[in-house]
Amino acid sequence: MRLDLDNLPSDVGLLHQLVRDMAGVVSSRNDEIERLQAIIKKLQRMQFGRRSERLDPDQFALGLEDLDTDIGTAEEKIAQTDPVRSLRPHRTSLPDHLPREEVLLDIDDSGCAGCGGVVHKIGESQSEMLDWVPATLKVIRITRPKYACRACGTVTQVAAPERVIAGGLATPALLAQVLVAKYCDHLPLYRQSQMFARHGVDLARSTLAGWVGGACWWLEALHERLGKELFASRYLFADDTPVPVLDPGRGKTKTGRLWVYARDERPWGGPAPPAALFMFEPDRRAERPLAHLKDFKGVVHVDGYAGFERLTAGGNIVLAACWAHMRRKFHDVEQATGSPVAAETLRRIADIYAVEAKARGQSPEQRLQWRRTVSAPAVKALKVWLESQLVQIPQNSSLADAIRYALGRWKGLTRFLDDGHIELDTNTVERAIRPVALGRKNHLFAGSDGGGHRWAVIASLIETAKLNNVEPYSWLRDVLERMVSGHPANRLDELMPWNWTQHQPNPTQVQ
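A quick note: this is a predicted structure, and the numbers were derived from the prediction, not measured.

Enquirer: Looking at this structure, I do not really get the pattern of salt bridges. What am I missing?
Expert: Two side chains of opposite charge can pair, provided their charged atoms sit close to one another. A complete count under the given rule lists 24 salt bridges for this structure. A salt bridge links Arg257 to Asp240; the shortest N-O distance between them is 2.6 Å. With Arg257 in strand β4 (residues 252–263) and Asp240 in strand β3 (residues 235–247), this residue pair connects regions lying 17 residues apart in the sequence. An identical accessibility class is assigned to Arg257 and Asp240; each is buried. Between Lys466 and Glu463 there is a salt bridge, with its nearest N and O atoms 3.6 Å apart. Here Glu463 and Lys466 lie together in helix α13 (residues 449–467), a separation of three residues that amounts to about one turn. Residue classification places Lys466 among the partly exposed positions, given a relative accessible area of 37%. Overlapping salt bridges bring together Glu281, Asp283, Arg285 and Arg288 as one network.

What follows is the structure, encoded as structure tokens:
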């Protein structure tokens with residue numbers, strides 16, 4: 001609303017109406033400002049800390065989707081009513097690998113619309129739109145003619161092709177789709193069954209479950225090879241996450257665990273490709289990581305779980321503690337009590353993270369030099385600050401607990417000052433766990449310990465493929481095709497996501 005302040009109306013009633021209109025506009029804008037401020041605060045809450053501090057990412061995404069939808073509606077309205085003022089940004093070109101369908105829109109004749117004269121082509125305009133081709137199911141009918149010898153009666157016939165599922169209907173492509181839909185896109189099998197039914201194909205949930213089990217049998221070898229590759233590293237991240245498992249004997253669910261080990265050397269330019277390994281276990285006992293890491297030698301980034309301390313008993317493993325977990329303790333105190341000591345601690349930790357951000361991507365030697373020059377004084381000052389505050393506050397307070405938590409793990413927290421390969425936190429493995437949390441919501445629970453193990457197998461392969469920028473469906477489809485065609489067991493490394501190259505069809509071959 002714009003007003004001509006030099007020509008305001010003199011009628012009192014009109015002025016009253018004008019004020020009411022202005023008040024309505026202000027109120028509406030205030031509501032919008034409050035809504036946007038709430039979104040900003042949510043973003044700030046997601047800047048640091050662990051999942052307990054943050055909003056559910058899916059719920060947050062829904063809010064952003066609604067906001068973007070509102071913006072899109074407003075832009076479309078402007079574009080339709082006043083194309084000159086359209087707010088639509090210029091779009092980048094669509095990927096080159098997508099197939100193109102050419103559509104030519106030409107004039108009806110070569111006559112000039114203005115004078116009837118002959119026109120000649122001086123150029124053309126091109127634009128692109130993204131289309132969707134719905135998924136389709138097809139039946140592959142395999143015919144194998146039989147031939148008999150008239151002389152001896154011998155019958156000759158080409159052998160039936162090997163199938164991933166013995167006697168099953170599913171091709172490697174369909175099995176890959178079911179696996180990716182369940183473990184990457186988090187669609188439970190009963191929902192997939194409903195989707196197939198809409199295509200006119202009745203595939204019971206139990207049938208799909210059998211397919212998943214059969215496919216996992218082939219992929220077990222890759223999971224095992226991935227574990228050997230990962231545990232041969234020198235630097236790993238470790239964590240675990242709960243998985244509800246159906247317990248038929250009691251008619252309820254029990255809590256299993258997915259133990260997760262991740263490797264990511266990209267922050268310091270290491271040669272090893274990123275990878276994530278999931279291992280299912282029925283509980284959270286310290287014996288589980290001890291068994292998993294029995295042959296590992298090196299540094300493991302861990303959270304505050306006390307069971308990890310037993311890993312150091314043999315002298316082969318050193319633990320690097322997580323600054324993000326430590327920070328969360330002070331964040332909880334600051335949120336609950338408004339403690340200025342906790343707030344100051346958070347500020348100091350943020351300064352250390354800001355310094356670390358500048359060293360990201362450099363070599364281990366450069367990172368170490370940077371840390372010893374800039375980070376070490378800040379870390380030392382933080383310890384002195386915490387020790388001085390601990391003697392001045394009630395010893396049974398939550399703030400004192402947070403300080404003792406930090407000081408009790410100070411050796412592990414400061415290992416990054418002596419090794420340029422070590423990270424400040426366990427965010428690498430936390431990111432690998434996030435898809436499991438979403439799957440846990442949609443799957444509800446694993447049907448058995450065997451289901452938990454299959455979850456671990458497929459989650460490991462899919463997450464590792466994603467970490468290496470490999471499209472999971474294309475990779476799984478090709479891997480299953482190769483394995484069922486007799487890929488040698490001693491060449492499994494060729495199938496790992498970082499080594500994988502897709503078969504290119506022979507251009508002379510009849511498709």
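Enquirer: Mind showing me how you'd approach the layout of surface pockets here?
Expert: Rolled over the atoms, a probe as big as a water molecule pinpoints where empty space is left. In this structure, the second largest pocket encloses a volume near 1300 Å³. Along its surface, the second largest pocket is lined by 26 residues, and Glu101, Glu102, Val103, Ser127 and Glu128 are the ones closest to its centre.

Enquirer: Help me understand empty space enclosed by the protein in this model?
Expert: Tallied over the entire structure, the rule returns three cavities of 30 Å³ or more. The calculated volume of the second largest cavity comes to roughly 50 Å³. Taken together, Tyr235, Leu236, Phe237, Asp264, Glu265, Pro267, Trp268, His421 and Glu423 form the lining of the second largest cavity. In terms of residue class, the lining of the second largest cavity is built from five nonpolar, one polar and three charged.

Enquirer: What is the right way to look at the packing of aromatic side chains in this model?
Expert: We describe a pair of aromatic rings using the distance from one ring centre to the other and the angle between the two ring planes. What the rule picks out here adds up to eight aromatic pairs. Centre to centre, the rings of Tyr235 and Trp268 are 6.1 Å apart; their planes meet at 70°, and the pair counts as edge-to-face. Of the two residues, Tyr235 is situated in strand β3 and Trp268 in the loop between β4 and β5 (275–281); the sequence distance between them amounts to 33 residues. Judged by relative accessible area, Tyr235 falls into the buried class, the value being 7%. With a centroid separation of 6.1 Å and an interplanar angle of 85°, the aromatic rings of Trp259 and Phe308 are classed as edge-to-face. One end of the pair, Trp259, is in strand β4; the other, Phe308, is in the loop between β6 (298–301) and β7 (317–320), with 49 residues separating them in the sequence. You'll find Trp259 and Phe308 in the same group, each marked buried. A cation sits over an aromatic face here: Arg284 above Tyr305, 4.1 Å from the ring centre. One cation-aromatic arrangement involves Lys329 over Tyr405; the distance from NZ or CZ to the ring centre is 4.8 Å.

Enquirer: Just to check I follow, could you spell out the sheet that holds β6 for this structure?
Expert: Strand pairing within a sheet occurs via backbone hydrogen bonds; the two strands may be parallel or antiparallel. Spatial ordering of the open sheet is given by β5-β4-β3-β6-β7, a layout of five strands whose pairing is mixed. Taken across any chain shown, the strands that pair with only one partner, and hence form the sheet edges, are β5 and β7. Between one strand axis and the next, the sheet turns by 30° as a mean value, whatever way the strands run. Judged from the four bridges that link them, β6 and β7 form a sheet pairing that is parallel. Counterpart to His301 in the pairing with β7 is Ala320. Strand contacts of helix α5 (residues 205–231): β3, β4 and β5, with the helix running at about 115° to β5, the strand carrying the most contacts. The strands that α13 touches are β3, β4 and β5; relative to β5, the one it contacts most, it runs at about 175°.

Enquirer: Any chance you could explain the packing of helix α3 (residues 172–183) against helix α4 (residues 189–198) here in plain terms?
Expert: The packing of two helices is summarised by the inter-axis angle and the distance between the axes. Where α3 contacts α4, the two axes come as close as 10 Å, and the packing angle between them is 130°. The angle between α3 and α4 places the two elements in the oblique class. In the packing of α3 onto α4, the handedness of the crossing is right-handed. Across the interface between the two elements, Leu174, Gln177, Val178, Ala181 and Lys182 from α3 touch Leu189, Gln192 and Phe196 from α4.

Enquirer: Is there a simple way to explain unusual backbone geometry in this structure?
Expert: Excluding glycine, most residues fall at negative phi; most peptide bonds, likewise, are trans. Notably, His186 is not glycine yet its phi reads approximately 65°, a positive angle. In this structure, His186 sits in the loop between α3 and α4. With relative accessibility at 7%, the residue His186 sits in the buried group.

Enquirer: Can you walk me through helix α8 (residues 340–359) in this structure?
Expert: Because an α-helix completes one turn every 3.6 residues, residues spaced three or four positions apart along the sequence face the same direction. Compared with the 28 Å implied by 1.5 Å per residue over 20 residues, the 29 Å span of α8 between its first and last C-alpha is a close match. Within the sequence span of α8, burial applies to Val341, Ala342, Thr345, Leu346, Ile349, Ile352, Tyr353, Val355, Glu356 and Ala359. On its buried face, α8 sits against α7 (323–337), α9 (364–390) and α10 (398–408). Phi turns positive, to about 95°, at Gly361, one or two residues after α8.

Rules behind the numbers
- Residues numbered from 1 in each chain as written.
- Predicted model: local features only at pLDDT ≥ 70, side-chain atom pairs only at ≥ 80, totals over all residues.
- Heavy atoms only, no water.
- Salt bridge = Lys/Arg side-chain N within 4 Å of Asp/Glu carboxyl O.
- Helix = DSSP H or I, 4+ residues; strand = E, 2+ residues; numbered from the N terminus.
- Buried < 20%, exposed > 50% of the residue type's maximum accessible area, 1.4 Å probe, protein only.
- 1 Å grid on protein atoms, 1.4 Å probe; cavity = no way out; pocket = protein on both sides within 12 Å on 5 of 7 lines; lining within 4 Å.
- Points joined across faces, edges and corners; volume = space filled by probe spheres on them.
- Nonpolar A, V, L, I, M, F, W, Y, C, P; charged D, E, K, R; others polar.
- Phe/Tyr/Trp six-rings, centres within 6.5 Å; stacked < 30°, edge-to-face > 60°.
- Lys NZ or Arg CZ within 6 Å of the ring centre and 35° of its normal.
- Pairing = 2+ DSSP bridges.
- Axes fitted to C-alpha atoms, helices over the stretch in contact; angles between N-to-C directions.
- Contact = heavy atoms within 4.5 Å.
- Parallel < 35°, antiparallel > 145°, perpendicular 65-115°, else oblique.
- Left-handed = near helix turned anticlockwise from the far one by under 90°.
- Expected span 1.5 Å × (residues − 1).

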